[in-house]
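The lines below spell out each chain.
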Amino acid sequence: MLSALRTLWSVFWHAFARRFTVQYPEQKRPLPPRFRGRIVLTRDPDGEERCVACYLCAAACPVDCIALQATEDEHGRRYPEFFRINFSRCIFCGFCEEACPTCAIQLTPDCELADYRRSSLVYEKADLLIGGPGKVHDYNFYRVAGVAIAEKDKGEAENELPPANVRRLMP
Amino acid sequence: MDALNALLREVNSAEVLREVALVLGVLIGALSLGGGLTFVERRLLALWQDRYGPNRVGPFGLLQVVADTIKLFTKEDWTPPFADRFVFVVAPAIVIAATLMSFAVIPLAPGLVVADLNVGLLFFLGMSSLSVYSVALGGWSANSKYALLGGLRAAGQMVSYEVFMGLSLMGVVATTGSFSLGDIVEAQRRVWFCIPQCIGLVTFLIAGLAETRRIPFDLPEAEGELVAGFHTEYSGMKFGMFFLGEYVGVALVSALTVVLFFGGWLGPVLPPIVWFLGKTALLIALFILVRGALPRLRYDQLMRLGWKVLLPLSLANVVVTGAVILALRR
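Residues numbered from 1 in each chain as written. Chains lettered and ligands numbered in written order. Predicted model: local features only at pLDDT ≥ 70, side-chain atom pairs only at ≥ 80, totals over all residues. Heavy atoms only, no water.

All names here are of chain A. Note that strand S2 (residues 66–72) and strand S3 (residues 78–86) share seven bridges and pair antiparallel. Bridging across to S3, Leu68 finds its partner in Phe83. In this structure, the hairpin formed by S2 and S3 is closed by a connection of five residues, where Gly76 is found at a positive phi of approximately 85°. Alignment of S3 against strand S5 (residues 122–123), held across two bridges, turns out to be antiparallel. Considered in S5, the bridge of Ile85 is made with Tyr123. (Pairing = 2+ DSSP bridges. Helix = DSSP H or I, 4+ residues; strand = E, 2+ residues; numbered from the N terminus.)

Okay, structure coming up:
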């Protein structure tokens, strides 16, 4: 009986306690920078597309929501002809971001993707591509990779030795 | 037709209008109070649980009641094919009818009462016993095991709590010497009965909680074990009527507690009706606080509390009150 009264008393004083509810659409909690939300395609510091259309993200995706087609420009750079993510399928696991060798595909702290039509949840490359480098600021794949493109031959990348003549016997 | 006209001319039309307005006012007031309480309870519970509760529909969420009502009315009103149709339909009507009938004897202010019965208190007790039928029959007619268990529990609980609900009021009746609620309020001019009859107050409040099947005693519903107890098979507005009946019952028990123990409309400065309504509102808030704070009893605890603690307590209260009255009369 006494404990019941004590409970009543302490519950009554909760009337003056702080309320924990976050009034969502008006108040928003800050999301951590590494939150796994809407997926974007980033650009390298020079403003070029980072994606080299290697299909690793599509292969890693457990729900097959990523579709793309690789192609090559006149400089020998690979890029996706189209890049399509179906956000009504995406489970925001972040495997694509982990698989990406060029830090092109990244997840962002934006979780407000609700829509009235499923078809408008299919994002094309124009919707995905952003202007900046995202979470990785200085990385440029072609500047460090030993891949020959028009303005840079093999052996000219950063920290890269000139290619060895494999037919010589000397090291 | 002529006879009817003559009859109409004989009765004072202003008097009749006043009566009709009073009846309609109490009826509509009680029903909308019951509806509004669904909202008030959710907001108050939320307040005591550090949340906001429904605050989106309309200003402060006030239109939530309207939204809920529209939802209940547009839901499928399903009667299970295995149910006893007639009883199934009648059961929810009984609970509403019984609780609304009891409001007729509650004096809101001096002279402001629908029916000033000289046995008003007995009428209330009778009506509250009738609502047992609603719950028990509702549970029985649904022909489902959860509903049946809920109905059984309700019958057992309400019958045993009825016993000392009546007894706990006998002290008040003995002190006043009348069953009329108006007389009982007038008898509290010097001191409210909550002081000399504090044991009666406590036992009546507990019995009132049990009679309205509110949380520490909501075993007939017990959503943790019995799905929804006696109204498992009910949907749409039939469910709504059980729901409304519960809240009208809460308002009724609070109003009656105010009348019997807290001096009804008595109070300084403010008009009597304000005093009555204010006290009732406070008691309703207490009922909601109890729901927010206390866990449900086990069934054996419930029965033990009823028969072994509260019944002897209220009997002792009657004996002591009688002895004191007798001693003072000498």
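Next comes the rest of the description.
Facing 15 residues of chain A, the contacting portion of chain B comprises twelve residues. Taken over both partners, the interface formed by chain A and chain B buries close to 1,400 Å², and the fraction arising from carbon and sulfur atoms is 60%. Counting the surface chain A buries against chain B, the share from its top three residues, Leu8(A), Arg19(A) and Gln23(A), is 42%. Scanning the region where chain A abuts chain B turns up one salt bridge. For Glu26(A), the salt bridge identified is with Arg56(B), shortest N-O distance 3.2 Å. For the interface between chain A and chain B, the tally reads seven residue pairs in polar contact (both at pLDDT 80 or more). Of the residues contributing to the side of chain A that touches chain B, the split by class is eight nonpolar, four polar and three charged. (Contact = heavy atoms within 4.5 Å. Buried area = accessible area lost by both parts, 1.4 Å probe. Salt bridge = Lys/Arg side-chain N within 4 Å of Asp/Glu carboxyl O. Polar contact = N/O pair within 3.5 Å; in protein donor to acceptor, adjacent residues only side chain to side chain. Nonpolar A, V, L, I, M, F, W, Y, C, P; charged D, E, K, R; others polar.)

Before going further, it helps to examine the pattern of salt bridges. Two side chains bearing opposite charge may form a pair once their charged atoms approach each other closely. Residues and elements named next belong to chain B. Under the criterion given, the structure shown has 16 salt bridges over all chains. One salt bridge connects Asp68 with Arg42, and the closest N-O pair in it is separated by 3.3 Å. Pair noted here: Asp68 is in helix H3 (residues 64–74) and Arg42 is in helix H2 (residues 13–48), with a separation of 26 residues, a long-range link. On the basis of relative accessibility, which here comes to 37%, the residue Arg42 falls in the partly exposed class. The network of salt bridges with common partners includes Glu41, Arg214, Glu246 and Arg291. (Buried < 20%, exposed > 50% of the residue type's maximum accessible area, 1.4 Å probe, protein only.)

Residues and elements named next belong to chain B. In this structure the tally under the stated criterion is 16 aromatic pairs over all chains. Aromatic side chains Phe88 and Tyr234 sit 4.1 Å apart centroid to centroid with 0° between the ring planes, which places their arrangement in the stacked category. Here Tyr234 lies in the loop between helix H8 (198–211) and helix H9 (236–261) and Phe88 lies in helix H4 (residues 85–103), a separation of 146 residues in the sequence. Note on accessibility: Phe88 and Tyr234 belong to one class, buried. Over the face of the ring belonging to Tyr146 we find Lys145, whose NZ or CZ atom lies 5.9 Å from the ring centre. (Phe/Tyr/Trp six-rings, centres within 6.5 Å; stacked < 30°, edge-to-face > 60°. Lys NZ or Arg CZ within 6 Å of the ring centre and 35° of its normal.)

A few words now on the confidence of the model for chain B. Scored by pLDDT, chain B has a mean of 84; 98% of the residues are at 70 or more. On the interface metric, ipTM, the complex scores 0.70, and its pTM is 0.77. (pLDDT = per-residue confidence, 0-100.)

A pair of packed helices is captured by two measures, namely the crossing angle of their axes and the spacing between those axes. Contact geometry of helix H1 (residues 2–13) of chain A with helix H10 (residues 272–293) of chain B gives a least axis separation of 9 Å together with a crossing angle of 100°. The orientation of H1(A) relative to H10(B) falls into the category roughly perpendicular. Two secondary-structure elements touch here, H1(A) through Thr7(A), Leu8(A), Val11(A) and Phe12(A) and H10(B) through Leu289(B), Val290(B), Gly292(B) and Ala293(B). Of the residues in the contact of H1(A) with H10(B), the class split is six nonpolar, two polar and no charged. (Axes fitted to C-alpha atoms, helices over the stretch in contact; angles between N-to-C directions. Parallel < 35°, antiparallel > 145°, perpendicular 65-115°, else oblique.)

A few words now on the packing of helix H6 (residues 145–176) of chain B against H8(B). All names here are of chain B. Contact geometry of H6 with H8 gives a least axis separation of 9 Å together with a crossing angle of 150°. Looking at the two axes, H6 sits roughly antiparallel to H8. Seen from above, H6 lies across H8 with left-handed handedness. The residues of H8 that touch H6, namely those facing Gln157, Met158, Tyr161, Glu162, Phe164, Met165, Ser168 and Leu169, are Gly200, Thr203, Phe204, Ile206, Ala207, Gly208, Ala210 and Glu211. (Left-handed = near helix turned anticlockwise from the far one by under 90°.)

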